[in-house]
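# Residue-level structure breakdown
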Amino acid sequence: MPMNRCGPADTASSIASGSRPLRCLAWLGMLTMGMGMGMGMSQAQASPALVDLINVHRSEDRRCEVAQLDAAGPLAAHAGLSKVQIDAGTDLQAAMKAQGYQPARVFTISLSGATSAGAAMALIEQRYCQPLMNPAFADIGVSREGNRWQIVLARPVISPDLPDWQDAGRDILKLTNQARGESRRCGQATFASAQPLAWAPALAGAALVHSRDMAKHNYFRHRAKDGDRASDRVDRKGYVWRRVGENIAAGQGSAQQAVSAWLSSPPHCANLMNPNYTEMGAAYAVDADSDSTIYWTQVFATPR
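Below, the structure is looked at part by part. (Residues numbered from 1 in each chain as written. Predicted model: local features only at pLDDT ≥ 70, side-chain atom pairs only at ≥ 80, totals over all residues. Heavy atoms only, no water.)

Counting buried positions along strand S10 (residues 148-156) yields eight of nine residues, so the element is predominantly enclosed. Two strands pair when backbone bridges link them, and strand S8 (residues 103-112) and S10 are joined in this way by nine bridges, in the antiparallel orientation. Following the sheet pairing, threonine 108 is matched in S10 by valine 152. Relative to S10, strand S9 (residues 139-145) runs antiparallel, the two sharing seven bridges. For isoleucine 140, the partnering residue across the bridge sits in S10 and is leucine 153. Where S9 folds back onto S10 in an antiparallel hairpin, the turn is made up of two residues, including glycine 146, whose phi is positive at roughly 65°. (Buried < 20%, exposed > 50% of the residue type's maximum accessible area, 1.4 Å probe, protein only. Helix = DSSP H or I, 4+ residues; strand = E, 2+ residues; numbered from the N terminus. Pairing = 2+ DSSP bridges.)

Given below as structure tokens:
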């Protein structure tokens, strides 16, 4: 069955018929380039355009210096991280906690001289390709004041209150339907509001299979190690489909952050807003010895 991908590489996939731990110990890294010495966040503005560009960068396999790196999951735009003030002598972990963020891992970049998101991206990907592609990061905060930029890459400590996968999956359904209830831009594309999706246990089961496989075997792709695609997993659950698609994410500590990551990534956002889907299921799985610790899968479909 031919596949129509909703974006490059293995970020968000869509198929239509007829077209058919790192352990939670704080690891803090801080690098500065250019003349960036921190900025007053009360005057700075967030830059969603740069978040989009970074997520597109992470969506494809890349060679960073001598290393060949696999595509990584989308980063969730986090308002608190964009407000963290980084100056000489900043206690970074304390500053993040003050914004309601409990970090397991952090990496920051400050730069100056870029007059646009595109110019900032060119500087960052040249110097910091490997941190940008690191699957250990799940969230991002970007702020800008004039030609000075600050980027915070982070992964949160997984909350001990995280519900089981069924309840978390239904939380994803609720958040997805809230997002579909409003028109929105996904990168350069504009989507009208869409009808809410219904929960499908078979799709949730297919999502759980893939999340567990990614966690167990420490990879992040739509195609499993045994070659299975989303459509194969859905078929095995006995779901007869006319259209099927999938979003995956890694590292996010809650359903809200997983959905935020998908909405912050143009191809994933487009999948989530696709009016041709009518049902979905979602699940997560955890393996403390994997790179991203927690893996999320969201499966969309329209039954035949």
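Within the element layout of this structure, leucine 197 appears in the loop between strand S12 (189-191) and strand S13 (198-199). Separated by 84 residues in sequence, leucine 197 and glycine 281 have C-alpha atoms that sit 9.4 Å apart. Not counting the four nearest positions on each side in its chain, leucine 197 is found in contact with Leu173, Thr176, Asn177, Arg180, Tyr277, Thr278, Glu279, Met280 and Phe300. (Contact = heavy atoms within 4.5 Å.)

Turning our attention to the pairing of strand S14 (residues 241-250). A regular strand places its side chains on the two faces of the sheet in alternate fashion. Of all ten residues making up S14, eight are buried, and the element is well covered by its neighbours. Pairing between S14 and strand S16 (residues 294-303): nine bridges, direction antiparallel. The residue of S16 that forms the bridge with asparagine 247 is glutamine 298.

Between the first and last C-alpha of helix H7 (residues 201-217) there are 24 Å, a value that for 17 residues agrees with the 24 Å anticipated at 1.5 Å per step. The secondary structure elements touched by the buried residues of H7 are helix H6 (165-180), S13, helix H8 (230-236), S14, strand S15 (279-286) and S16. (Expected span 1.5 Å × (residues − 1).)

All right, on to the environment of valine 106 then. For valine 106, the position within the fold is in strand S8. With 48 residues separating them in the primary sequence, valine 106 and alanine 154 have C-alpha atoms 4.3 Å apart.

Looking now at the state of the cysteines. A complete count under the given rule lists two disulfides for this structure. The cystine pairing of the protein, numbering bonded cysteines in sequence order, is 1-2, 3-4. (Disulfide = S-S within 2.5 Å.)

Ranked by internal contacts, the top residues of the largest apolar core, which has 27 residues, are Ile172, Trp262, Leu272, Met280 and Trp296. Listing elements by their share of this core, those giving two or more residues are H6, helix H9 (255-263), helix H10 (266-273), S15 and S16. In this structure, Ala114, Ala117, Ala120 and Ile151 belong to the second largest nonpolar core, which totals 20 residues. (Core = buried A, V, L, I, M, F, W, Y, C linked by side-chain atoms within 4.5 Å.)

So, on to the pattern of salt bridges. It is possible for side chains bearing opposite charge to pair when their charged atoms get close. Counting across every chain of the model gives five salt bridges. The salt bridge partner of aspartate 61 is arginine 221, with a shortest N-O separation of 2.5 Å. Within this pair, whereas aspartate 61 is found in the loop between helix H1 (48-58) and strand S5 (62-64), its partner arginine 221 is found in the loop between H7 and H8, the two being separated by 160 residues in sequence. The shortest N-O distance in the salt bridge between glutamate 246 and arginine 233 comes to 3.0 Å. Placement of glutamate 246 in strand S14 and of arginine 233 in helix H8 is noted, with a sequence separation of 13 residues between them. The pair formed by glutamate 246 and arginine 233 is uniform in burial state, with each residue classed as buried. Each of Asp61, Asp70 and Arg221 takes part in one network of salt bridges that share partners. (Salt bridge = Lys/Arg side-chain N within 4 Å of Asp/Glu carboxyl O.)

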